[in-house]
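Spelled out from the first residue to the last, the chains are:
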Amino acid sequence: MGLPDHHLTEGEQRIRSFRPHWRQLVVPFLALVVIVVASGAAMFYIPVFEYAGYARIAVAVISVGLLTVWSFVPYLKWKNTSYLITSHRLSIGTGVLSKSHDDIPMAKVNTVSAEQTLVERILGSGTLHVESAGEQGRIELRDIPHLQAVRAELFRAIDEADDPDEDGEDGEDDGAGGAGGPEPKGDLDGTGRRRR
């Protein structure tokens with residue numbers, strides 16, 4: 001789900017990958033049940049007459065069209081929407097036939113806020129608002145599962161992106177063998193010969 005590992009940059013770590021909350025599938029599933037039941041009942045109650053076969057074909061074609069629009073397409077949109085949080089960025093992947101990925105670097109994220117209705121609090125989902133200094137500006141991500149956990153992980157990733165790497169800063173001054181570097185210990189005696 002999300003970007004494959006070979007698309008991550010050097011040193012980038014995957015924190016969490018997920019899709020929108022399953023509640024987005026409730027309406028498509030209900031539509032599937034209603035359409036299947038209604039089309040089955042319509043075919044069953046079609047009276048026997050000269051064009052009964054054509055009537056059943058018409059019901060089947062209409063049912064397939066409704067299922068495609070109200071069930072199959074929403075499911076594909078849900079299936080092909082992915083979110084990925086790494087140590088470097090928030091990646092949003094969308095698209096059914098053509099895929100697009102929007103990346104927000106953690107260093108450019110200014111604020112992260114969450115919004116939940118009562119039903120969303122019960123289900124553990126909600127809307128995440130991400131405001132960045134880049135071209136994306138303010139992005140609204142709806143139906144995010146485990147909203148508070150995702151928000152906390154985003155905060156941690158942002159903090160780590162803002163904090164300088166202490167090892168990287170000190171690494172430049174700790175190298176041996178350069179001018180002014182520390183002298184080797186215990187290898188040579190005072191005459192320049194190696195100790196036994």
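Everything that follows concerns the structure shown earlier in this document.
Digging into the sheet that holds strand 6 (residues 125-132)
Backbone-to-backbone hydrogen bonds pair the strands of a sheet. The strands run either parallel or antiparallel.
1) Next: With respect to topology, three strands assemble into an open sheet ordered 5-6-7, the strand pairing being antiparallel. Each edge of the sheet is formed by a strand with only one pairing partner; in this case those strands are strand 5 (109-115) and strand 7 (138-145). On average, adjacent strands in this sheet sit at an angle of 20° to one another, irrespective of strand direction.
2) Next: One ladder, built from six bridges, connects strand 6 with strand 7; its direction is antiparallel. Its bridge partner lying in strand 7, S125 is registered against P145.
3) Next: Along the sheet, helix 4 (residues 147-162) contacts strand 5, strand 6 and strand 7; its crossing angle with strand 5, the most-contacted strand, is approximately 170°.

Section: the packing of aromatic side chains
1) Next: Tallied over the full model, the rule gives four aromatic pairs.
2) Next: When the centroid spacing of 5.3 Å and the interplanar angle of 35° are considered together, the rings of F18 and Y83 count as tilted. With F18 in strand 1 (residues 14-18) and Y83 in strand 2 (residues 82-86), the pair connects residues that are 65 residues apart, well separated along the chain.
3) Next: Residue class for Y83 comes out buried when judged on its relative accessible area of 6%.
4) Next: Considering the side-chain rings of Y51 and Y54, the 6.1 Å spacing of their centres and the 45° angle between planes classify their relative orientation as tilted.
5) Next: For R19, the ring lying beneath its charged end belongs to W78, and the centroid distance is 5.7 Å.

Some remarks on helix 2 (residues 52-79)
1) Next: With 28 residues, helix 2 ought to run about 40 Å at 1.5 Å a step, and its terminal C-alpha atoms sit 38 Å apart, in line with that.
2) Next: The axis of helix 2 is deflected most strongly, by about 45°, at T68.
3) Next: At its buried positions, helix 2 is contacted by helix 1 (26-45).

Re the pairing of strand 3 (residues 89-94)
1) Next: Summarising burial for strand 3: five of the six residues are buried, a large majority.
2) Next: Joining the antiparallel neighbours strand 2 and strand 3 is a turn of two residues.
3) Next: Two elements, strand 3 and strand 4 (residues 100-105), share six bridges in a ladder whose sense is antiparallel. The residue bridging G93 from the neighbouring strand is H101, located in strand 4.
4) Next: Connecting the antiparallel pair strand 3 and strand 4 is a turn made up of five residues, with G95 showing a positive phi of about 110°.

Let's talk about a negative patch on the surface
1) Next: A contiguous patch of negative charge on the surface is contributed by D159, E160, D162 and D163.
2) Next: Looking at the element boundaries, D163 is found in the loop between helix 4 and helix 5 (166-171).
3) Next: Among the residues examined, D163 registers a relative accessible area of 51% and is labelled exposed.

Comments concerning the sheet that holds strand 3
1) Next: Pairing in this open sheet of four strands is antiparallel, and the strands run 1-2-3-4 from one edge to the other. Two strands in the sheet have a free side with no partner beyond their single neighbour: strand 1 and strand 4. Along the sheet, successive strands turn relative to each other by an average axial angle of 15°, direction set aside.
2) Next: Contacting strand 1 and strand 2, helix 4 crosses the sheet at an angle of about 150° to strand 1.

Quick look at the nonpolar core
1) Next: Counting residues in hydrophobic clusters, the biggest one holds 19 residues, and the most contacted among them are I85, L90, M106, L128, L141 and I144.
2) Next: Elements supplying a minimum of two residues to this core: strand 2, strand 3, strand 5, strand 6, strand 7 and helix 4.
3) Next: The element best represented in this core is helix 4, accounting for five residues.
4) Next: In contact with M106, other than residues within four places in its own chain, are I85, T86, S87, H88, R89, L90, L154, A157, I158 and A161.

Some words on unusual backbone geometry
1) Next: Despite not being glycine, D143 shows a phi value in the positive range, around 55°.
2) Next: With respect to the element layout, D143 can be found in strand 7.
3) Next: The exposure class assigned to D143 is buried, which follows from its relative accessible area of 12%.
4) Next: A positive phi angle is found at H146, which is not glycine, with a value near 50°.

Criteria and cut-off values
- Residues numbered from 1 in each chain as written.
- Predicted model: local features only at pLDDT ≥ 70, side-chain atom pairs only at ≥ 80, totals over all residues.
- Heavy atoms only, no water.
- Pairing = 2+ DSSP bridges.
- Helix = DSSP H or I, 4+ residues; strand = E, 2+ residues; numbered from the N terminus.
- Axes fitted to C-alpha atoms, helices over the stretch in contact; angles between N-to-C directions.
- Contact = heavy atoms within 4.5 Å.
- Phe/Tyr/Trp six-rings, centres within 6.5 Å; stacked < 30°, edge-to-face > 60°.
- Buried < 20%, exposed > 50% of the residue type's maximum accessible area, 1.4 Å probe, protein only.
- Lys NZ or Arg CZ within 6 Å of the ring centre and 35° of its normal.
- Expected span 1.5 Å × (residues − 1).
- Bend = angle between axes of the 7 residues up to and from the residue.
- Patch = residues over 30% accessible without salt bridge, like charges linked within 9 Å, V, L, I, M, F, W, Y side chains within 5 Å.
- Areas by Shrake-Rupley, 256 points an atom, 1.4 Å probe, with all protein chains shown as cover.
- Salt bridge = Lys/Arg side-chain N within 4 Å of Asp/Glu carboxyl O.
- Lys, Arg positive; Asp, Glu negative; His and termini not counted.
- Charge placed at Lys NZ, Arg CZ, Asp CG, Glu CD.
- Core = buried A, V, L, I, M, F, W, Y, C linked by side-chain atoms within 4.5 Å.

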